[in-house]
Amino acid sequence: MRLMTGSKGGDTSNDEIAEFTDWILKVGDGNIGIGEDGLSEIEIPEENLILTDDDPVEAIVHRVQKRRSR
């Protein structure tokens with residue numbers, strides 16, 4: 001995965017991207033939600049959720065296209 005700041009004037013700050021990057025690394029390294037039974041629960045920040053009652057794939061595509069068009 002590659003995280004980049006938008007050169008088209010997006011509303012995501014470098015601090016927000018750094019925070020998200022650190023969170024992703026911690027999840028990948030197993031440093032978040034470590035359970036004694038081998039199962040883990042992690043909390044996904046609300047701003048990273050794509051909530052929909054409709055087609056989830058369409059919702060993801062729409063959100064990605066929306067961010068790319070900024």
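Scoring rules and cut-offs
- All residue numbers here refer to positions counted from 1 along the written sequence of the relevant chain.
- Residue-level local features of this predicted model are given only where pLDDT is at least 70; pairs of side-chain atoms are given and counted only at 80 or more, and the full residue set underlies all totals for whole chains, interfaces and linings.
- Excluded from the side-chain calculations are hydrogens and water; all other atoms, namely the structure's heavy atoms, are used.
- Each helix corresponds to a stretch of at least 4 residues labelled H or I by DSSP, and each strand to a stretch of at least 2 residues labelled E; elements are numbered beginning at the N terminus.
- For every residue, the accessible area obtained with a 1.4 Å probe (protein chains only) is divided by the maximum for its type, and the residue is called buried under 20%, exposed over 50%, and partly exposed between those limits.
- In this analysis, two residues are considered to be in contact whenever any of their non-hydrogen atoms come within 4.5 Å of each other.
- For every accessible area listed, the method is Shrake-Rupley and the probe measures 1.4 Å; residues are considered covered only by the protein chains on display.
- Patch definition: residues with relative accessible area over 30% and no salt bridge; like charges joined within 9 Å; nonpolar side chains (Val, Leu, Ile, Met, Phe, Trp, Tyr) joined within 5 Å.
- For this document, the term salt bridge refers to a Lys or Arg side-chain nitrogen within 4 Å of an Asp or Glu carboxyl oxygen.
- Working convention for charge: Lys and Arg count positive, Asp and Glu count negative, and His plus the chain ends are omitted.
- Charge positions are represented by NZ for Lys, CZ for Arg, CG for Asp and CD for Glu.
- Expected span, for any helix, means 1.5 Å times one less than how many residues it has.

## Thoughts on the overall build of the protein
Counting secondary structure elements, the protein contains two helices and zero strands. Here the protein holds 70 residues, and the buried ones make up 4% of them. A separation of at least 24 residues holds for 16% of the contacts in the protein among residues at least 6 apart in sequence. Taken as a whole, the protein presents about 6400 Å² of accessible surface, with 49% of it coming from carbon and sulfur.

## What to know about a negative patch on the surface
Among the surface-exposed residues, Asp15, Glu16, Glu19, Asp22, Glu46 and Glu47 lie close enough to one another that they form a single negatively charged patch. Position of Glu19 relative to the elements: it lies in helix 1 (residues 14-29). With a relative accessible area of 55%, Glu19 lands in the exposed category.

## Describing a nonpolar patch on the surface
Among the surface-exposed residues, Ile42, Ile44, Leu49 and Leu51 lie close enough to one another that they form a single nonpolar patch of about 350 Å² accessible area. Residue classification places Leu49 among the partly exposed positions, given a relative accessible area of 31%.

## Regarding helix 1
Between its first and last C-alpha, helix 1 extends 22 Å over 16 residues, near the 22 Å set by a 1.5 Å rise per residue. Immediately downstream of helix 1, the backbone of Gly30 shows phi near 80 degrees, a positive value.

## With respect to the environment of Lys26
Among the secondary structure elements, Lys26 is positioned in helix 1. Its relative accessible area of 44% is what places Lys26 among the partly exposed residues. Lys26 has contacts with Asn31 and Ile32, leaving out every residue within four places of it along the chain.

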